[in-house]
Amino acid sequence: MTNPGNTRPTSTQRRAIVIGAGITGMLAAAALREVTDEVLIVENDELPDGPFPRKGLPQARHAHTFWSGGVLAAETLLPGVTDRWLAAGANRIPIPTGMVGFSSEGWFRRWNAETHFILACSRDLLDSVVRHFVLGAGGVNIRQRTRVEGLTGSAAVVTGVRVRGADGRVEDLEADFVVDAGGRGSRTPQYLQELGVGSAPERSLDLGLVYATRLFRAPEGADAFPIVSVQSDPRLGRPGQGASILPIEDNTWLVTALGTRGGEPTGVVEDFEPFTRGLRHPIIGEIISHLEPLTGVAINRSTRNTRRYFEHLKNWPERFVVMGDALAAFNPTYGHGMSVGAQSALALRNVMLANEMDTPRLSRRIQKAVAKPVAAAWDLAMGQDVFYPQVRGGTPSRKDRILATYVNRLLKTSCGNFTMVRDFTDVTSLQAPLTTLVKPRVLLAAARGPLHPPLTGPPLTERELGLVTARGYRPADQ
């Protein structure tokens with residue numbers, strides 16, 4: 001799987017370098033393969049040959065939501081990748097049919113019509129399928145156990161990267177185009193300052209969010225079981241707490257609990273079920289009390305929201321783009337990180353196919369294009385996260401309060417209006433821009449409110465209740 005590549009491209013070839021071999025980096029490599037002779041991925045980790053953990057991705061043990069907006073972007077870049085994911089064991093879960101969700105405004109109904117979908121599997125499986133697809137198709141090489149230590153070039157143009165190999169040797173790798181998809185640990189702001197590029201505006205919001213995850217064996221016959229989610233409510237004036245059950249591959253369920261500062265879950269096995277029972281609704285605790293745990297509790301604290309506004313820099317260097325978590329890292333609650341990365345890779349491909357690589361200010365144009373999917377996801381997250389107590393990085397602005405009030409109204413309407421579910425999920429799945437929510441039909445539906453009364457309990461079917469033997473619940477009128 002590993003090909004080191006040459007130190008420099010030949011005079012007749014064009015090489016692109018991608019920093020980072022995560023899903024965003026791999027999809028960026030797939031995009032660049034269409035406009036260059038060679039793509040070289042530089043990765044600090046030693047990558048596993050299969051769906052197994054790797055050191056540089058500790059968050060892989062937790063639930064990852066891959067919304068249809070991201071899956072469709074990945075499918076455009078890698079035709080057939082969805083079938084490969086499903087063949088490897090991933091589940092395609094229809095939304096809203098396959099979702100039992102308790103929002104801040106009540107239970108969502110499971111309308112008998114699919115509007116969107118979620119690809120549900122472990123992060124290890126998701127990455128492995130993409131990695132083997134991209135590297136097996138030719139034109140993309142990878143250097144593992146190689147750390148990027150800087151960019152080469154000037155404030156006007158990036159010409160490559162400086163790297164340190166596993167043997168400690170430092171060398172410069174030349175390239176005609178460089179993409180930083182190195183994740184939350186990206187040091188691009190420092191590298192740009194070293195080249196003489198000004199600092200970009202940056203915003204950070206830290207909820208102190210902690211994720212705690214256990215893997216459970218699914219009940220016998222639990223095929224097509226829905227996602228179960230209990231969400232927090234930032235209006236309650238106390239730490240946000242929630243949990244979800246995600247049916248993944250190998251007849252297993254990934255159960256993730258989360259809490260903001262002051263309400264964090266622990267890594268203690270004995271605390272896990274009581275924490276989920278103590279949420280706004282105890283359904284997840286009731287369900288897992290009848291399941292066989294397969295692992296201990298994994299903890300993740302790398303959840304800060306950070307956005308770097310590189311697209312605002314007027315002196316952005318040519319032949320360099322930043323994307324993925326290196327550009328914007330989100331609170332994982334909303335499941336937007338991978339989808340934004342996939343859509344950004346598709347934006348990279350579309351702009352490059354429409355222009356020559358030597359087109360003036362091409363990189364700045366691309367940087368603005370990849371920021372568009374970031375903006376929608378960021379506004380949705382900030383409209384909720386800024387209201388939790390003990391949040392660090394800002395207080396709610398007037399815009400935040402207006403957006404939050406409107407989003408809450410949309411959520412309430414979604415609990416009893418199928419059309420609103422479709423329009424709202426168009427945005428949350430990143431298949432439509434945020435402006436969709438101010439179209440006349442959406443404004444009118446929000447003014448009218450829900451068309452059906454609220455559900456009194458989780459909308460599980462008799463069969464689903466029997467599978468999890470969750471006592472005390474009756475199927476809600478859907």
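Participant: Run through the sheet that holds strand 3 (residues 66-67), naming residues and quoting values.
Facilitator: The three strands are arranged 3-7-4 in an open sheet whose pairing can be described as antiparallel. In this open sheet, the two strands that pair with only one neighbour each are strand 3 and strand 4 (91-95). Direction of pairing for strand 4 relative to strand 7 (residues 116-120): antiparallel, over a ladder of five bridges. Bridge assignment links N91 to a residue of strand 7, and that residue is A120.

Participant: Which residues make up the packing of helix 2 (residues 68-77) against helix 3 (residues 81-88), and what are the values?
Facilitator: Where helix 2 meets helix 3, the axes come as close as 8 Å, and the angle between the chain directions of the two elements is 115°. Looking at the two axes, helix 2 sits roughly perpendicular to helix 3. Here V71, A74 and E75 of helix 2 lie close against helix 3, whose contacting residues are V81, T82 and W85. Partitioned by chemical class, the residues of the contact of helix 2 with helix 3 number four nonpolar, one polar and one charged.

Participant: Hey, could you go over the packing of helix 1 (residues 23-32) against helix 8 (residues 337-353) for me, with residue numbers and the actual values?
Facilitator: Packing of helix 1 against helix 8 brings their axes to within 9 Å, and their N-to-C directions diverge by 15°. Here helix 1 is positioned roughly parallel relative to helix 8, judged by the angle of their axes. Regarding helix 1 and helix 8, the two cross each other, and that crossing is right-handed. Each of I23, T24, L27, A28, A31 and L32 in helix 1 lies in contact with helix 8, whose residues at this interface are M338, G341, A342, A345, L348, R349 and M352. When the residues that make up the contact of helix 1 with helix 8 are grouped by side-chain class, the tally is ten nonpolar, two polar and one charged.

Participant: Which residues make up the side chain of S186, and what values go with them?
Facilitator: Among the structural elements, S186 can be located in the loop between strand 12 (177-180) and helix 5 (188-195). At 2.5 Å, the side chain of S186 and the side chain of D180 are in polar contact. Setting aside residues up to four positions removed in sequence, S186 forms contacts with D180, R308 and A326.

Participant: A description of the nonpolar core should follow, citing residues and the corresponding values.
Facilitator: F66, W85, F177 and L348 are the most contacted members of the largest nonpolar core, which totals 94 residues. In this view, L348 contacts A28, A31, L32, F177, V179, M323, I366 and V370; residues no more than four positions away in its chain are not counted. Judged by nonpolar contacts, the second largest core, of 28 residues, contains W107, I245, I283 and L465.

Participant: With reference to specific residues and values, describe empty space enclosed by the protein.
Facilitator: In total, this model carries two cavities of 30 Å³ or more according to the counting rule given. Estimates place the volume of the largest cavity at around 1100 Å³. Lining the largest cavity are 47 residues; nearest its centre among them are W67, S229, Q231, T333 and Y334. Among the secondary structure elements, those contributing two or more residues to the lining of the largest cavity are strand 5 (99-103), strand 15 (227-230), strand 16 (241-248), strand 17 (252-259), helix 9 (362-385), helix 10 (398-414) and helix 11 (418-428). Among the elements that make up the lining of the largest cavity, the one with the highest residue count is helix 11 (five residues). Classifying every residue of the lining of the largest cavity gives 26 nonpolar, 19 polar and two charged. Roughly 40 Å³ of volume is contained in the second largest cavity. Lining the second largest cavity are P48, F52, R54, L57, D124, D127 and R131. The residue inventory of the lining of the second largest cavity, partitioned by class, reads three nonpolar, no polar and four charged.

So, how was this worked out
Residues numbered from 1 in each chain as written. Predicted model: local features only at pLDDT ≥ 70, side-chain atom pairs only at ≥ 80, totals over all residues. Heavy atoms only, no water. Pairing = 2+ DSSP bridges. Helix = DSSP H or I, 4+ residues; strand = E, 2+ residues; numbered from the N terminus. Axes fitted to C-alpha atoms, helices over the stretch in contact; angles between N-to-C directions. Parallel < 35°, antiparallel > 145°, perpendicular 65-115°, else oblique. Contact = heavy atoms within 4.5 Å. Nonpolar A, V, L, I, M, F, W, Y, C, P; charged D, E, K, R; others polar. Left-handed = near helix turned anticlockwise from the far one by under 90°. Polar contact = N/O pair within 3.5 Å; in protein donor to acceptor, adjacent residues only side chain to side chain. Core = buried A, V, L, I, M, F, W, Y, C linked by side-chain atoms within 4.5 Å. Buried < 20%, exposed > 50% of the residue type's maximum accessible area, 1.4 Å probe, protein only. 1 Å grid on protein atoms, 1.4 Å probe; cavity = no way out; pocket = protein on both sides within 12 Å on 5 of 7 lines; lining within 4 Å. Points joined across faces, edges and corners; volume = space filled by probe spheres on them.

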